[in-house]
Amino acid sequence: MQNKETAFKNLFEQQKNRVYNTVLSLLQNAADAEDVTQEVFVKVFEELEQFRGDAQLQTWIYRIAVNKSLDFLRAQKAKKRSGILVRLFGDEKTDKVLEIPDFIHPGVILERKEQSIILFKAIDKLPETQKSALVLAKLEGLSYVEIAAVLKITVPSVESLLFRARVNLKNFLVDFEKKL
């Protein structure tokens, strides 16, 4: 048991920043990212002995991080939808409105905050698969082959997702600029 804990501790130290940054990029909320990152490593610890080696260990951990993040986002969307129904049919005094806070990635240079906020809001509007592929490619620097392994899709599918993500981002940003 001691060897497993030592090995896990080493793995955690090696991967914690990458996992946190990936989760943070997907969730765009530091507190939520910390919680989900913890969930990722709990799952890694619990299932490490079942890891078959079909993919690289890092790819497996990325897959868990992306899946946990997407599960969290789906749960948040479900809460929002049920919140709308409660507000329609419930007591407005006791119901809170769930709002997405502005997100500022820690690595953003101070003078670029406003553009970064706009960009991250645009990324947040992308479909889940496009958002995941874009975050893994542009923010985490994974290759198309690595992204395909993490998302369990083909390399041409990754190329297609990234192309559509760029088109959607461009359209959103052009529309945003027209509104200014």
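Residues numbered from 1 in each chain as written. Predicted model: local features only at pLDDT ≥ 70, side-chain atom pairs only at ≥ 80, totals over all residues. Heavy atoms only, no water.

**Describing helix α6 (residues 144–151)**
Since the α-helix packs 3.6 residues into each turn, any two residues three or four apart lie on the same face.
No. 1: Turning to α6, its buried residues are I147, A148, V150 and L151. Each buried residue of α6 sits inside an arc of 165 degrees when the element is viewed along its axis, so together they form one side.
No. 2: A positive backbone phi angle near 55 degrees is found at K152, which sits one or two residues after α6. (Buried < 20%, exposed > 50% of the residue type's maximum accessible area, 1.4 Å probe, protein only. Helix = DSSP H or I, 4+ residues; strand = E, 2+ residues; numbered from the N terminus. Arc of directions from axis to C-beta.)

**Details of the side chain of S25**
No. 1: Counting through the fold element by element, S25 comes out in helix α1 (residues 2–27).
No. 2: A distance of 2.9 Å separates a polar side-chain atom of S25 from the backbone oxygen of N21. (Polar contact = N/O pair within 3.5 Å; in protein donor to acceptor, adjacent residues only side chain to side chain.)

**Looking at unusual backbone geometry**
No. 1: Positive phi values are uncommon outside glycine, yet Q28 reaches one of about 60 degrees.
No. 2: Look at Q28 and you get buried, because its relative accessible area is 6%.
No. 3: We note that K152 has phi near 55 degrees; this positive angle belongs to a residue other than glycine.
No. 4: Structurally, the position occupied by K152 is in the loop between α6 and α7 (155–179).
No. 5: With a relative accessible area of 63%, K152 lands in the exposed category.

**Quick notes on the packing of aromatic side chains**
No. 1: Applying the stated criterion across every chain, the model contains four aromatic pairs.
No. 2: Seen in terms of ring centroids, F12 and F41 are 4.8 Å apart; in terms of plane orientation they differ by 80 degrees. Their pairing is edge-to-face. Here the residue F12 occupies a position in helix α1, and F41 occupies one in helix α2 (residues 30–47), the gap between them amounting to 29 residues.
No. 3: Each ring, one from F51 and one from W60, has its centre 5.0 Å from the other, and the planes form 45 degrees; the classification is tilted.
No. 4: For F51, a relative accessible area of 25% puts it in the partly exposed group.
No. 5: Members of the aromatic cluster, connected to one another through ring pairs, are F8, F12, F41 and F45. (Phe/Tyr/Trp six-rings, centres within 6.5 Å; stacked < 30°, edge-to-face > 60°.)

**Concerning the environment of T129**
No. 1: In this fold, T129 is placed in helix α5 (residues 128–139).
No. 2: With relative accessibility at 47%, the residue T129 sits in the partly exposed group.
No. 3: Taking the C-alpha atoms as reference points, T129 and L151, separated by 22 residues in sequence, lie 8.3 Å from one another.
No. 4: Not counting residues up to four positions away in its chain, the partners in contact with T129 are L151 and L161. (Contact = heavy atoms within 4.5 Å.)

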